[in-house]
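Coordinate inspection notes
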Amino acid sequence: MTYKILIADDEPNILISLEFLMKREGFDVHIARDGIEALDAITGQRPDLVLLDVMMPGKTGFEVCQEVRAQDALKDVRILMLTAKGRDTDIAKGLALGADAYMTKPFSTRELVQKVRAMLEPAA
Amino acid sequence: MLSAPLLVGASFAYLLMLFAVAWYGDRRARQGRSIIGNAWVYALSMAVYCTAWTYFGSVGRASTSGVWFLPIYLGPTLAMIVAWMVVRKMIRITRTYRLTSIADFIASRYGKSPTLAGMVTLITVVGIVPYIALQLKAVASGYAVLTTLPGEAVAAAGPWWGDSTLYVALTLAGFAMVFGTRHLDTTERHEGMVAAIAFESVVKLVAFLSVGLFVSYSMFDGLGDLFARALAHPELRPLLALEQGRPFTYEQWFALTVLSMMSVLFLPRQFQVMVVENVDERHLRRAAWVFPLYLLLINLFVLPIALGGLLHFGPGNTDAEAFVLSLPLANGQPALALFAFIGGLSAATGMVIVETIAVSTMVCNDLVMPLLLRTRRFGARAGGDLTRLLLLIRRTAIVGIMFLGYAYFHIAGEAYALVSIGLISFAAITQFAPAALGGMYWKGGTREGAMAGLAAGFALWAWTLMLPSIAKSGWMDTGFITHGPWGTTLLRPEQLFGLTGLDNLTHSLFWSLLANITAYVAISLWRTPSAREISQALLFVDVFERTASSGPVFWRGRAQVSDLQPLIARFLGEARSQSLFEAYARDAGVARIDQIKPDAQLVQFAETQLAGAIGSASARVMVASVVEEEALGLDDVMRILEEASQLRAYSHALEDKSRSLERATAELRAANDQLKSLDRLKDDFMSSVTHELRTPLTSIRALSELMVDDPKMDGQQRQHFLGIIVSETERLSRLVNQVLDMAKIESGQAEWHNSEVDLRALIVKALDTTREMFRERGARVELHAPEHLPALRADPDRLTQVMLNLLANAGKFVPRGTGHVEVRVRSDARGVTVDVHDNGPGVPAEERALVFERFRQGGHGVNRPAGTGLGLPISRQIIEHFGGRMWLEPDPGQGACFSFNLPWNTQKNPPAPAEAGGGDTP
Amino acid sequence: MRTCAAARNPLERAPSMTAHLHHQRLAALFAAALLLFNFPLLALWDRELTVFGVPLFPAALFFVWGVLIALLAWSMERTQR
């Protein structure tokens, strides 16, 4: 089966690169440009995994993460947080709110793909 | 006429009402919700000055000599003008040293002398007895007027048991006992009594004013009519002028003013309500003018009532003192007459109650107690609770004083008018003035001086005023008045040493005060005071400079708590003594009473507490008998004073130190807080910069890796990615430049190349630069600027940077195709203002405050325009560097309007690095 | 107030300065009252005139008295803090 992946980021150029990367890896890719769009997409599309940017207008990645984890129906959605803020406290906060993994920008595309696969494989 | 039972019944009902007020006042005081803690109540209680003498006597006086009733009320007004200086000092002294009466006040000042206290008390008793007699006489004759048929002579005096005055005296004595000595608490204050007196003052004022209004406006056709008729009457006309057939006696007028001025300060009842019962010194501010106003009001209708009575009953009517009662009665207003009688009764009752309570306290503390305490049975080493004994003595004293008043009334009362009796008392009380006022302001006054002055003044008062008054009533041979004692004409009491031309009151006042002051000053100067006198003088005169807690304590010796506590208990009761010592222990910071350090401070505390109950002189004797004291010499007093003032200086210095330390601490804390917040800002700034740098890097890295991984990538796709990489790189370099720029400006290291700037040309150039961008977006740009603008002194490159930034900003937000940007330049005397107004979406209200903060970019997501979020903050810093201001118009209509303003005088702002920073920067 | 600033502790000095002024004001009022109610100013009012039907002399006495009380009230209540 093809995994469904949602990419949520407000930087258009990052979206372009990530969309290209994930499509190349054969995933079913959906896109959200802010926090509210992202939350709608998660509840509507039920993606297997979300690449979630932290600094987004509307709702921050942290808020989206928290609300997703609050809904029992969405407990299978895996969340990989992406942030340009590399402080330890930010990482700790994301994990505490229920993110499954965390990567700081800029990231290596290879590592990102590996991580995404690693997060999806055990469930398969 | 009114029936006797009605009159008696109404009187008793009124007295019971007074009692209810007093009971309520006491109850509230016990609950801690005092009703006398009020400046108005205080002022009204001072109106106890207005007695039956005022109520009945003034009208009598006015009916024979016109305005001559007035000096008795002008004097108190004068006294009240200086009350803030004099009375406040009396209050402070009395409060600080817990004095109980005028006798205590004078005795305490002169070394707590029991002899002096006794002397003052004796003079008071002798002087005040006629005054009490006056009240009895007023009530008794008022009663007679109301219960006798018009025209019928007042019934001749019957047997003593039928004498209404005796019953009046007994009733008033009973009430005084109930009011003043009801409690076992023998401390000096009586809240319920004060409440009753204030109430009583209202009643007598309203009653008197009612009669006045009735006479003026019901019997006569207003004041104009009344005075017109009086002026038309040859016998009454002189009453309304200065001279009444004989030259105006200014000296007597002056003497009466001085007399009443002193009396209002030193009469025992005035001292009681004004000084002892004062709750708060600040109440004096209001009372000082309300009390004179009360006096003015109660005197307002004295002349109209007197004239009305004379017009109604015919001139020459000798019973003018009863006009207040007889006028309403004769005009068919028995109810008003009854009310007027209640008012008069009220005036008499108030006076008698307060006066007897005050005098009985003096008699008990300063006459009886010193004698009793010398005896073996009640002496210092004897035990036993004496609180009941104190009450008994006071009650007996009240009855005794009333009896003396009654006796005087029978001896001299019938022969004299009310006013003359009152003046005799006033003259006696005035004898206290030199010792009391001198004691408050002159440290040199001594005990012997005060005693000599009082003795001389009192003797001359008795000889020149008191004895003649008794003699003239027929109880003594008047030969000594006309021929002098033993035929010595020089010693004739009313022409002493041949001094003639003065009326007998002025004559007496002159000789007695002259002798009094001379003896006081001369003996004081002649004799050296004792150490105790000196110390008390210092405590009195400088009372405002020290408080009880920080003042020097002139005592040295050894004391024990176990001796002092039982002593206090004997006079104040076991429970009160216990709570007083517990409170002292708490203040001293020890847990138990037996841990109290028995030092001078404790002895002083015990003595002061005791003074509140038995007077300072007796308290001194009592305390001295249970502690071992060392006699202090003059040098010791001076040394203790010196130590105290040094201590005070030290504590001042210490306070200053601790204040400046506190200030320094606060400054340090503020600096630390500022540093912390700066640190936080810097942290935030770094985090923001990092974020802004990483975002373009993310795209660049991701896209590059994608291209590396896939060398066979479609050419168009590759071209697209490379385009993104180039633009993201540009974004990075722009960001780096602006961050550096910002840092330079904020740290003051930016270089400013100032020159004369033509702002219009500069803006035109900036518009040229951005023309291509606007054309691309299909936006129209308009410039409205005056042709000629004065030159500005600024850095043209920096101003261009600001303009370009604002224009680029506007360009980013205008709608594509229909964009419209307007640049307006306005100049006035102070400077020039530039607006850049676009027709874009505008700035939402919640973001307005943030637009000038770093890394806050308008818009978001895909429609976020390119920019670093540093343009506006940098622009604002530049404008502020030139002394101007940049802001976002709060309500520009459509779109957003950024404005900045530059003052003309920018050349006066040298580009000093120190002030280059905006202020709120890391 | 410049002299206050020179004093050791301006906070303590300032009220005492105003208090001083207050005392002087009262003393002046006292002197005025004493003069107005005695020889020879008292005789000035002894005229054959009436004010609203009231003879001038008693009317003037009460009026002057009232004015003094008003001034006293003003002076006392003004400084109340």
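These remarks concern the structure in this document.

Rules used in this analysis
Residues numbered from 1 in each chain as written. Chains lettered and ligands numbered in written order. Predicted model: local features only at pLDDT ≥ 70, side-chain atom pairs only at ≥ 80, totals over all residues. Heavy atoms only, no water. Helix = DSSP H or I, 4+ residues; strand = E, 2+ residues; numbered from the N terminus. Buried < 20%, exposed > 50% of the residue type's maximum accessible area, 1.4 Å probe, protein only. Contact = heavy atoms within 4.5 Å. Areas by Shrake-Rupley, 256 points an atom, 1.4 Å probe, with all protein chains shown as cover. Salt bridge = Lys/Arg side-chain N within 4 Å of Asp/Glu carboxyl O. Axes fitted to C-alpha atoms, helices over the stretch in contact; angles between N-to-C directions. Parallel < 35°, antiparallel > 145°, perpendicular 65-115°, else oblique. Left-handed = near helix turned anticlockwise from the far one by under 90°. Phe/Tyr/Trp six-rings, centres within 6.5 Å; stacked < 30°, edge-to-face > 60°. Buried area = accessible area lost by both parts, 1.4 Å probe. Polar contact = N/O pair within 3.5 Å; in protein donor to acceptor, adjacent residues only side chain to side chain. Nonpolar A, V, L, I, M, F, W, Y, C, P; charged D, E, K, R; others polar. Expected span 1.5 Å × (residues − 1). Patch = residues over 30% accessible without salt bridge, like charges linked within 9 Å, V, L, I, M, F, W, Y side chains within 5 Å. Pairing = 2+ DSSP bridges. Core = buried A, V, L, I, M, F, W, Y, C linked by side-chain atoms within 4.5 Å.

A word on the overall build of chain B
The helix and strand inventory of chain B stands at 33 helices and nine strands. Looking at the 922 residues of chain B, the share that counts as buried comes to 56%. For chain B, the share of sequence-separated contacts (at least 6 apart) that also reach a separation of at least 24 residues comes to 80%. Here chain B has roughly 38,500 Å² of accessible surface; of this, 58% comes from carbon and sulfur atoms.

Observations concerning the overall build of chain C
Within chain C one finds three helices and two strands. Starting at the N terminus and ending at the C terminus, chain C contains elements arranged as α-α-β-β-α. Burial analysis of chain C (81 residues in total) assigns 33% to the buried set. Taking contacts inside chain C between residues at least 6 apart in sequence as the whole, the part at least 24 apart equals 50%. Element-wise, carbon and sulfur atoms account for 70% of the exposed surface of chain C, whose accessible area totals about 5,100 Å².

Re the pattern of salt bridges
Taken as a whole, this structure holds 31 salt bridges over all chains when the rule is applied. In this structure, the salt-bridge partner of A:D9 is A:K105, at a minimum N-O distance of 3.0 Å. Linking A:D9 in the loop between β1 (4-8) and α1 (12-24) with A:K105 in the loop between β5 (101-104) and α5 (109-120), this pair joins segments that are 96 residues apart in sequence. Assigned by exposure class, A:D9 and A:K105 land together as buried. In this structure, the salt-bridge partner of B:E822 is B:R824, at a minimum N-O distance of 3.2 Å. The structure contains a network of salt bridges with shared partners spanning A:R24, A:E25, A:R110, A:R117 and B:D709.

Side note on the packing of helix α16 (residues 334-374) of chain B against helix α17 (residues 387-411) of chain B
Angle between the axes and distance between the axes are the two parameters that describe a pair of packed helices. Residue and element names in this part refer to chain B. Direction vectors running N to C along α16 and α17 enclose 125 degrees, while the axes themselves pass 8 Å from each other. When the interaxial angle is binned, α16 and α17 end up oblique. Crossing of α16 over α17 shows right-handed handedness. Between α16, through V352, T356, V359, S360, T361, V363, C364, N365, V368, M369 and L372, and α17, the contact on the second element is made entirely by L389, L390, I393, R394, A397, I398, I401 and M402.

Focus on the packing of aromatic side chains
All names here are of chain B. In the structure shown here, the tally under the stated rule is 24 aromatic pairs over all chains. Between Y49 and F291, the aromatic rings sit 6.1 Å apart at their centres with planes inclined by 85 degrees, giving edge-to-face as the arrangement. Here the residue Y49 occupies a position in the loop between α2 (39-46) and α3 (52-65), and F291 occupies one in helix α13 (residues 283-299), the gap between them amounting to 242 residues. Just as Y49 is buried, F291 falls in that class too.

What about the side chain of A:D53?
Residue and element names in this part refer to chain A. Within the secondary structure, D53 is located in strand β3 (residues 49-53). D53 gets classed as buried once you look at its relative accessible area, which sits at 2%. In contact with D53, not counting residues within four places along its chain, are A8, D9, D10, G61, L82, T83 and K105.

Describing the interface of chain B and chain C
Often the size quoted for an interface is simply the accessible area lost on bringing the parts together. With 42 residues of chain B in contact, the opposing surface of chain C contributes 36 residues. Of the roughly 3,500 Å² buried between chain B and chain C on both sides combined, carbon and sulfur atoms contribute 74%. A salt bridge links B:R286 to C:E77, with the nearest nitrogen and oxygen atoms 3.0 Å apart. Run the count over chain B and chain C and you get five residue pairs in polar contact (both at pLDDT 80 or more). Elements with a contribution of two residues or more to the side of chain B that touches chain C: α4 (71-81), α10 (222-232), α11 (250-266), α13 and α28 (634-709) of chain B. Looking at which element gives the most residues to the side of chain B that touches chain C, the answer is α13(B), with nine residues.

Comments concerning the interface of chain B and chain A
If you look at the interface, chain B gives 27 residues, while chain A gives 22 residues. Summed over both sides, the interface of chain B with chain A buries roughly 2,400 Å², with 59% coming from carbon and sulfur. It is B:H691, B:R694 and B:L706 that lose the most area in chain B upon contact with chain A, and together they represent 23% of the buried surface on that side. One can count three salt bridges joining chain B with chain A. B:D709 is paired through a salt bridge with A:R24; the nearest N and O atoms lie 3.6 Å apart.

Some thoughts on the packing of helix α1 (residues 4-30) of chain B against α16(B)
All names here are of chain B. In contact at an axis separation of 10 Å, α1 and α16 are set at 50 degrees when each is read in the N-to-C sense. For the element pair α1 / α16, the angle class is oblique. As for how α1 packs across α16, the hand of that crossing is right-handed. In contact with L7, A10, S11, Y14, L15 and L18 of α1, α16 contributes L338, F341, I342, L345, S346 and T349. Among the residues forming the contact of α1 with α16, the class breakdown is nine nonpolar, three polar and no charged.

Quick notes on α11(B)
The end-to-end C-alpha distance of α11(B) is 24 Å, a good match for the 24 Å that 17 residues give at a rise of 1.5 Å each. The element α11(B) is extensively covered by neighbouring structure, given that 14 of its 17 residues are classed as buried.

Describing a nonpolar patch on the surface
On the surface, a cluster of nonpolar side chains totalling about 200 Å² of accessible area is made up of B:V202, B:V206 and B:F339. Here B:V202 shows up in helix α9 (residues 191-219).

Considering the pairing of strand β9 (residues 897-903) of chain B
Residues and elements named next belong to chain B. In terms of burial, β9 is largely enclosed, as six of its seven residues are buried. Bridge count for strand β7 (residues 831-838) against β9 is seven bridges, and the pairing is antiparallel. The residue of β9 that forms the bridge with G831 is P903.

A closer look at the nonpolar core
Ranked by internal contacts, the top residues of the largest apolar core, which has 205 residues, are B:F105, B:I106, B:F266, B:I305 and C:W65. Per element, the largest residue contribution to this core is 17 residues, and it comes from α16(B). Not counting residues within four places of it along the chain, the set of residues in contact with B:F266 comprises B:M90, B:I102, B:I429, B:F432, B:A433, B:A436 and B:L437.

Concerning unusual backbone geometry
In this chain, A:K105 is followed by A:P106 through a cis amide linkage whose omega measures -10 degrees. Within the secondary structure layout, A:P106 lies in the loop between β5 and α5. Positioned with a positive phi, A:R46 is a non-glycine residue whose angle comes to about 50 degrees. Classification of A:R46 as partly exposed rests on a relative accessible area of 46%. One non-glycine residue, B:R98, lies in the positive phi region at around 50 degrees.

Take it as geometry only, folks, not as evidence of what the structure does.
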